[in-house]
Amino acid sequence: NGVLTGANEFSFGTGGPAVLSVAPGSGARVEEDQHFLVQLNGPAVDATVAGQAWCEVEGIGERVALKIVTGKPRDELIAARKREKDAERLLLLTCARPLPNDVKLRLVWGKGIAARANPKVLTSIEQHFDFRVQKAFTAEFTCEREKATAPCLPIRPLVVRFSEPVARAL
């Protein structure tokens, strides 16, 4: 007989722009105003990133928007890391408001983010990246006194304790 039958048309989806890496890496301690350098497998449509990616912050019952940082800060960071050849696939992101201290933070790359090359191609799975916001920095001063209301004894040590290491030069 020799006649082939069955499907004669096939298609596949590549999905929208996925996150390949995030700096700092998932699990890191981050600052209250942390910026994240996100490498994608292809350029994304900025408007869909703003609408479909967010920060989840422990103790805050709502999504915190992600801001895309552009211009000089982004360009300087990419140049400092010698990543100019990847610049089109790199986003510099930050949560839209300062983060509280010592809480869990999750960066969410959501469903529906469009590829710049073909805006009809959207992400179909969520990606999560977990972090912990650093504790508040504190400094404590103590000295020996004869009584609580007296000044420090001049012949005894004065002690300053920091919650985090501080460079001696500072």
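Note: the structure precedes this text.
Participant: Lay out the nonpolar core in plain terms, naming residues and giving numbers.
Facilitator: With 25 residues, the main nonpolar core has Leu105 and Trp109 as its most contacted residues. Counting only elements with at least two residues in this core, the list comes to strand 1 (19–23), strand 3 (35–40), strand 4 (53–57), strand 5 (64–69), strand 6 (90–95), strand 7 (104–109) and strand 8 (127–133). Membership of the second largest hydrophobic core comes to five residues, among which are Leu37, Ile78, Leu90 and Leu92.

Participant: Can you lay out the state of the cysteines for me, pointing to particular residues and giving the numbers?
Facilitator: This structure, assessed with the given rule, holds two disulfides. Here Cys55 engages in a disulfide with Cys95; their sulfurs sit 2.0 Å apart. The sign of the -95 degrees torsion about the S-S bond sets the Cys55-Cys95 disulfide as left-handed. Placement of the pair is Cys55 in strand 4 and Cys95 in strand 6, with a sequence separation of 40 residues. Grouping residues by exposure puts Cys55 and Cys95 together as buried. Disulfide pairing places Cys143 opposite Cys152 at an S-S distance of 1.9 Å. Torsion about the S-S bond of the Cys143 and Cys152 cystine: about -70 degrees, corresponding to left-handed handedness. On the basis of relative accessible area, Cys152 is assigned to the partly exposed category, the value being 24%.

Participant: Report on the packing of aromatic side chains, specifying residues and quantitative values.
Facilitator: For the structure on display, the rule yields two aromatic pairs. Ring plane angle 45 degrees and centroid distance 4.9 Å describe the contact between Phe36 and Phe131, whose orientation is recorded as tilted. On the criterion of sequence distance, the pair formed by Phe36 in strand 3 and Phe131 in strand 8 is long-range, its members being 95 residues apart. For Phe131, a relative accessible area of 4% corresponds to the buried category. When the ring of Phe137 is compared with that of Phe162, the centres are 5.8 Å apart and the planes differ by 20 degrees; the resulting orientation is stacked. Within this pair, whereas Phe137 is found in the loop between strand 8 and strand 9 (139–143), its partner Phe162 is found in strand 10 (residues 158–162), the two being separated by 25 residues in sequence. On the basis of relative accessible area, Phe162 is assigned to the partly exposed category, the value being 44%.

How each quantity is defined
- Along each chain, the written sequence defines residue order, and numbers are assigned to residues from 1.
- Reporting in this predicted model follows two pLDDT cut-offs: at least 70 for local features of residues, and 80 or more for side-chain atom pairs to be given and counted; totals over whole chains, interfaces and linings ignore these cut-offs and use all residues.
- To obtain the side-chain values, all non-hydrogen atoms of the structure were used and water was disregarded.
- We define the nonpolar core as a collection of buried residues of types Ala, Val, Leu, Ile, Met, Phe, Trp, Tyr and Cys that are connected through side-chain atoms lying within 4.5 Å of one another.
- Remark: exposure states derive from per-residue accessible area (1.4 Å probe, protein chains only) relative to the maximum for the residue type, with buried under 20%, exposed over 50%, and partly exposed in between.
- The way it works is that DSSP assigns letters per residue, a run of H or I at least four long becomes a helix, a run of E at least two long becomes a strand, and they are numbered from the N terminus.
- The term disulfide is used for any two cysteine sulfur atoms that are within 2.5 Å.
- Pairing of aromatic rings covers Phe, Tyr and Trp, the last through its six-membered ring, and needs centres within 6.5 Å; plane angles under 30 degrees mean stacked, over 60 mean edge-to-face, and all others mean tilted.

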